[in-house]
Amino acid sequence: MLNNFLISFKVKNAYIVNELIYNISRIPLIGKLIPNKFYKYKFFKIISIIISIIYNIIKIFGFKLLYIYCFLVLPFNNVSYFALIQAFLFLAILGSFINTEIFNPTKDKYYMLILMKMDAKSHTIGAFLYFICGIFIGELVALILLTSIPWYYSLLLVILTIMLKFIAINFYFYRMKKSGKVINENKPESWLLYSLLIIIFLGLAYGLPYLNIIIPKFILWIFASIIFILGLISIKSIITYPNYAKLYKKLLNKDNLFLDNFAIQRNAQISTNLKQISVDTSITSEKSGFQYFHDLFVKRHSKILLKSAKKTTTGILIIGIILIILLYIFPEFKGSANKIILNYLPFVLFLMYFINTGKSVTNAMFMNCDHSMLSYRFFRQPQTLLSLFRERLKTLILLNLLPALTLSLMISLILFVSGGASLITYAVIFFSILSMSIFFSVHNLVLYYLLQPYNIGMEMKSASFTIASLITYWVCYYISDIEVSSLTFGIIMIAFAIVYSLISLILVYKLAPKTFRLR
Amino acid sequence: MKLVIKNLEKKFGTKEVLKDINFEFESGKIYGLLGRNGAGKTTLFNCLNEDLEIDNGSFFIEDKDTRKVEASDIGYVLSTPVVPEFLTGREFLKFFIDINKDKITDLKSIDEYFDLIKLDVSDRDKLMKDYSHGMKNKMQMLVNIIANPSILLLDEPLTSFDVVVAEEMKELLKKTKKNRILIFSTHILELALDLCDEIVVLNNGILERVSKSNLNNAKFKEKIINVLKGEEDA
C-alpha cells in the first residue's frame, strides 16, 4: 500500500511538472524558448517534489486553519466553547457527505486506476488513509490554536469528524447498492435536496447559537457515542469493500472529470459543435453556389447565431424601458441623463465591443465549417474565399444590427424623454451606433480571415490574433474615457468606420487567400 | 503527363523530414507510397498540395511544356475524412458541382455520382454529421474525383472501409487512373501490391522506387521490407 502511495505521489509530481512545461510552451513567444528536452530534466522533477510537499503541508494545515477560522472563529463572538462544539458537529455532518475523498472523481485517480491499472483497493485505501491523517492533524492543530475549545474536546471532535466520514461513505455504498447508480459527491442526484440539506445544516450550525439554543450536553454525548459506534462499524465495510475497481471504472468517466487531455477535450468540443447543427429536415435553400452553402450554414446554425443577438437585444430593451420609467418617476434626473447621453457616446463604443457577436459567430464558422472545408484546396482558392467572405460579412452585419438598432432607438428615446436635442444630434447618435456595429462586424470577420487563429486541433493558438484582440480592447477602453461631445465623436466614428471598413476589405481581398488556412 | 519533383526538402525545426526528394510520377499509374510511421508521407502530400511551404526544391507538371501545379490539378483525400457536417451528402455534392461546373467534364446527375461510390439511397439526404467514418471517406473521395484532377493524392484512404467497400473503392480507383497520377499512401503492404502499379518507399527522407523485376510476390515483399528497414538498396 505504501509503495502504491509513493508511486502515485511520483506520478502526480511528474504530470504536474509536465503540464507546467507544456502550458508554458504554449504561451506565445515565450513558448518558443522551451525545447522538448525540458521534459527530461531532473531539476524540474526535484522542484516539483519540493512544491508538492509544500502544497501538501499548506493543504493539511493552511486550508484547515482557514476553514476553522472562516467557519468557526469569524462568525461567532463571545459564545461558549460548547456552542462552538455544537456548530462544529453540524458542519462536520455536512462536510462528511460533501467531501468523502472516495467518491470524488479526480484526475489522479483517473491516471492511476484507469490509465496505469493500479490496484483500485490498495490505492483507494492508501489515499484515504492519507486524507484521514490530514484531517486528524490539520483540524486538531487548527481547533487548538484558533478556538477556545479545550484540547481533549478538540481531539474528540476530530475523531468524530473522521467517524462521520466513515458513516457517510458507508451510507453511499448502501445507496449505490440499492439504486445501482454510482455516486459522485460533486454531482448530487437532486440539487434541490442537496441545497436544502446545506441550508438546514448551516442553519443548525449558525442559527442555534445565535438564538441561544444550546443542545443539552447529555444529548450531544449520546449523539457522539452513536457516531463513534456507527463509525467503527463502517471502517470494516470500507476496508473490505470488494468493488472499488468497478466503482472507479464508472465514476472516472469523461463527464465527471475535467481532464487536460487534449484528445478528450477535442472530442467534447466536436460533440458540442455537432449539437449546434439543426436537424430540422424542412431546411432547404433555393440559392446556388456559395450563397447556397452559406444560406444552409446560417439556417442550420440559426439558434446559436441568433442566441447572443437576441439575448443582448432583450437586455437592452429591458434596461432601456426601466431607465425611461425611472426618468418619469424621478424627473429631477432628466438633466443628468441628457448630459450623459450628449457627452458620453465614446462609452457606447466600449459597450458595442462587448455586445458584438462577431467572435462567437466566427467561432461557429470555424468549428462547424471552415475546420473541415479548409482541407479542400478549392475552398482556399481566392475566388471561393472572397465570395464566401462577402456572404458572411452581410450575415454578420445583419445579425449585429438587431441589438445595435435597439440600442440606437433606446438611447434616442432616453435622450428625447430627458429633454431632447437637435435633430442632427439624434441622427448622428443613431447612425454612429450603427456604424460602430458595422465596424465591429467588419473588424471581427477581417481579423478572423487575416489572422485565422485556430489550429487543426480546434485550439485558438495565434499570438498575433491575441495581440490584435488585446489592442482592440485597449483602444475601445481608452476611447471610452475620452471626454468629447457626442456630436463630434459620432461624426468621427461614422467617418472612421467607413474608412476602416474600406481598408480592411481591401486587405482581406489582397491577403486572405494566403492567410486564411489551417495551421 | 508527368509530375516531376526536384530536390524537394522540408524541415521541422532541426528535423529533416524530406531530404532532397527527386522523382517522376507518370500518368495512368497508381503509385503505392510506403513508409514507416513518421517517415513523412503525409508531409510529402501536404507539400505537394501546398498546405505546407517547402524549404527547397520544386515540383511541376511536365506535359508538352512544363508548368506549375495549379490547385485544380490536385485532389487530396485525407486519412481522416473531413466534410461539412451541417450539409447533407446531396447538398454537399450540389454545392461542389455548382462551383466547379466549368471544370467538370462529363457532368453526371447527383444520384449517378452517389451510385459511383455506392452510397445507399436512404443516406443521401441525411446530414453528414450522422455519416459513419467510411461514408464520410467515400464523400471526400467522390468530390476529389468529380473535379477531375490530374493528380490524386490518397492518404491511407481505404483503412476505414469494410472489406466489401474497400474492394469497391479499389475498383473505382483502378477505373479513375486513366490519364491521371494516383499516389496512394498505405501501411498495408498487400494492398499496395494488389492495387498499385509502382511501389515507392519514403525512407529517411528519401523517395525511391522499389523495382519488382523478376521477383515473385513473396520475394518482392521481402525486398520492400528490407528497404523500409533501410537494410538494402532497391
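Residues numbered from 1 in each chain as written. Chains lettered and ligands numbered in written order. Predicted model: local features only at pLDDT ≥ 70, side-chain atom pairs only at ≥ 80, totals over all residues.

A. Representation of the overall build of chain A within the structure. Across its full length, chain A carries 19 helices and zero strands. By residue count, 29% of the 519 residues in chain A fall in the buried class. Partitioning the intrachain contacts of chain A with sequence separation of at least 6 by distance along the chain shows that 83% fall at a separation of at least 24. (Helix = DSSP H or I, 4+ residues; strand = E, 2+ residues; numbered from the N terminus. Buried ≥ 20, exposed ≤ 12 C-beta atoms within 10 Å, placed from the backbone. Contact = placed C-beta atoms within 7 Å.)

B. How the structure looks around the nonpolar core. In this structure, A:M436, B:Y31, B:L153, B:L182, B:I183 and B:F184 are the most contacted members of the largest nonpolar core, which totals 128 residues. Top contributing element to this core by residue count: helix α17 (residues 423-451) of chain A, with 14 residues. Aside from chain neighbours lying at most four places away, what touches B:Y31 is B:F25, B:L182, B:I183, B:F184, B:C196, B:E198 and B:V200. If you look at the next biggest cluster of nonpolar residues, it comprises 29 residues, including A:L84, A:A87, A:L157 and A:V158. (Core = buried A, V, L, I, M, F, W, Y, C linked by C-beta atoms within 7 Å.)

C. Representation of the packing of helix α16 (residues 382-417) of chain A against helix α19 (residues 486-515) of chain A. Residues and elements named next belong to chain A. Following both chains from N to C, one finds α16 and α19 inclined at 125°, their axes separated by 9 Å at the closest point. Judged by the angle between their axes, α16 and α19 are oblique. At the point where α16 passes α19, the crossing takes the right-handed sense. Counted together, P382, L385, L386 and F389 of α16 and V508, Y509, A512 and P513 of α19 form the full contact between these two elements. (Axes fitted to C-alpha atoms, helices over the stretch in contact; angles between N-to-C directions. Parallel < 35°, antiparallel > 145°, perpendicular 65-115°, else oblique. Left-handed = near helix turned anticlockwise from the far one by under 90°.)

D. Examining unusual backbone geometry more closely. Residues and elements named next belong to chain B. For K118, which is not glycine, the phi torsion reads 55° and is therefore positive. Relative to the elements of secondary structure, K118 occurs in the loop between α3 (110-116) and α4 (133-146). Residue classification places K118 among the exposed residues on the basis of 12 C-beta atoms within 10 Å. Unusually for a residue other than glycine, N204 sits at a positive phi of about 50°. Along the polypeptide, N204 turns up in the loop between β9 (198-203) and β10 (206-210).

E. How the structure looks around the pairing of strand β8 (residues 181-185) of chain B. All names here are of chain B. The element β8 is extensively covered by neighbouring structure, given that five of its five residues are classed as buried. Judged by which residues are buried, β8 turns out to be covered on both faces: I181, I183 and S185 on one side and L182 and F184 on the other are all buried. Where strand β3 (residues 29-34) and β8 come together, five bridges link them in parallel fashion. By the bridge assignment for β8, I30 is matched with L182. Crossover connection from strand β7 (residues 151-155) via helix α5 (residues 163-176) to parallel β8: handedness right-handed. (Pairing = 2+ DSSP bridges. Right-handed = clockwise from strand over helix to strand, strands pointing away.)

F. Main features of the confidence of the model for chain A. The predicted model of chain A averages 86 in pLDDT, with 93% of residues at 70 or higher. The spread of mean pLDDT over the elements of chain A runs between helix α10 (residues 262-275) of chain A, the lowest at 69, and helix α6 (residues 151-179) of chain A, the highest at 94. (pLDDT = per-residue confidence, 0-100.)

G. Spotlight on the environment of A:Y454. Residue and element names in this part refer to chain A. Locating Y454 in the fold gives a position in the loop between α17 and α18 (463-480). Look at Y454 and you get buried, because 21 C-beta atoms sit within 10 Å. Placed 64 residues apart in sequence, Y454 and L518 show a C-alpha to C-alpha distance of 7.3 Å.

H. How the structure looks around the interface of chain B and chain A. The interface of chain B with chain A comprises 19 residues on the first partner and 21 residues on the second. Mapped onto the side of chain B that touches chain A, the elements with two or more residues apiece are β6 (74-77) and α2 (89-100) of chain B. Ranked by residue count, the leading element in the side of chain B that touches chain A is α2(B), at five residues. In the side of chain B that touches chain A, the residues fall into 13 nonpolar, two polar and four charged. (Nonpolar A, V, L, I, M, F, W, Y, C, P; charged D, E, K, R; others polar.)

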